[in-house]
Amino acid sequence: MELPQNDFDRIVFFEHARKTAEAAYAKNPQDAENLTRWGGALLELSQFQSGPDSIKFVKDAISKLEEALVIFPRKHDTLWCLGNAHTSHAFYIPDHEMAKAHFAKATLCFREALDEDPGNELYMKSLDLSTKAPELHLEVQRQIANQQSAAGGSSASNGKASKKKKNSDLKYDILGWVILAVGIIAWVGMAKTHVPPPPR
């Protein structure tokens, strides 16, 4: 399977961001901004993984973001990014009750981010969407179940391939808004760290 050029460019960009953050962490593990960029890059890269690898990348992103919050507990962009990571994690989980726990964590993160930066429209929109996410998750799981039962007459190997393809398509649709926003935050963070020196 060949990736479109813009997807390939995004993978290269965020893989570079991940490696840069990892190297910076080795020099200064107390840099909350760097940990936030690292978590954002991992979250962005998660969408290009499949199945368990996607979940591993999201869990790694959550770990980095939580580590950043230990250093700087009220860092609103980290809280917002962590909310997106919990939302992503929830959509990867078929069990609705387990997913609801991640949605609740996401809502709390979005609320705390908004408390730290009142009036931030992105945080307000994220908070609003997080309250609707459990219903969307339930609907997504119903659609997946309906598609699986409709495809019940096909062979098992075709069913697995079809399910994998449909789950992959669904993953891109649902997580698209989350990943785009995280990508923008990570890009801005990278741009801030590579500011050219002022002219002399």
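This text goes with the structure placed above it.
Rules and cut-offs
- Residues numbered from 1 in each chain as written.
- Predicted model: local features only at pLDDT ≥ 70, side-chain atom pairs only at ≥ 80, totals over all residues.
- Heavy atoms only, no water.
- Helix = DSSP H or I, 4+ residues; strand = E, 2+ residues; numbered from the N terminus.
- Contact = heavy atoms within 4.5 Å.
- Areas by Shrake-Rupley, 256 points an atom, 1.4 Å probe, with all protein chains shown as cover.
- Core = buried A, V, L, I, M, F, W, Y, C linked by side-chain atoms within 4.5 Å.
- Buried < 20%, exposed > 50% of the residue type's maximum accessible area, 1.4 Å probe, protein only.
- Phe/Tyr/Trp six-rings, centres within 6.5 Å; stacked < 30°, edge-to-face > 60°.
- Lys NZ or Arg CZ within 6 Å of the ring centre and 35° of its normal.
- Salt bridge = Lys/Arg side-chain N within 4 Å of Asp/Glu carboxyl O.

Points about the overall build of the protein chain
Logical step 1: The number of helices and strands found in the protein chain is 7 helices and 0 strands.
Logical step 2: For the protein chain, the N- to C-terminal ordering of α and β elements is α-α-α-α-α-α-α.
Logical step 3: Considering only contacts within the protein chain whose residues lie at least 6 apart along the sequence, 68% involve residues at least 24 apart.
Logical step 4: About 11300 Å² of surface is accessible on the protein chain, with carbon and sulfur atoms providing 59% of the total.

Some points on the nonpolar core
Logical step 1: By size, the foremost hydrophobic cluster in this structure holds 30 residues, and its most contacted members are Trp80 and Leu82.
Logical step 2: With 5 residues, the next largest nonpolar core counts Ala90, Phe91, Phe103 and Ala133 among its residues.

Some remarks on the environment of histidine 96
Logical step 1: The topology assignment puts histidine 96 in helix H5 (residues 96–116).
Logical step 2: For histidine 96 and histidine 137, which are 41 residues apart along the polypeptide, the C-alpha to C-alpha distance reads 7.3 Å.
Logical step 3: For histidine 96, the residues in contact, after removing those within four places along its chain, are Pro134, His137 and Leu138.

Digging into the packing of aromatic side chains
Logical step 1: Following the criterion strictly, the structure yields 4 aromatic pairs and no others.
Logical step 2: Between phenylalanine 13 and phenylalanine 14, the ring centres sit 4.9 Å apart and the planes meet at 90°, which makes this aromatic pair edge-to-face.
Logical step 3: The lysine or arginine in question, lysine 64, covers the ring of tryptophan 38, its NZ or CZ lying 4.2 Å from the ring centre.

Observations regarding the pattern of salt bridges
Logical step 1: A complete count under the given rule lists 13 salt bridges for this structure.
Logical step 2: One salt bridge in this structure joins arginine 10 and aspartate 7, with 3.7 Å as the shortest N-O distance. In this pair, arginine 10 and aspartate 7 both sit in helix H1 (residues 5–27), 3 residues apart, roughly one turn of the helix.
Logical step 3: Residue classification places arginine 10 among the partly exposed positions, given a relative accessible area of 28%.
Logical step 4: A salt bridge links lysine 100 to glutamate 97, with the shortest nitrogen-to-oxygen separation between them at 3.5 Å. You can see lysine 100 and its partner glutamate 97 sitting in helix H5, 3 residues apart, about one turn around the helix.
Logical step 5: Judged by relative accessible area, glutamate 97 falls into the exposed class, the value being 54%.

Read these as geometric descriptors, not functional statements.
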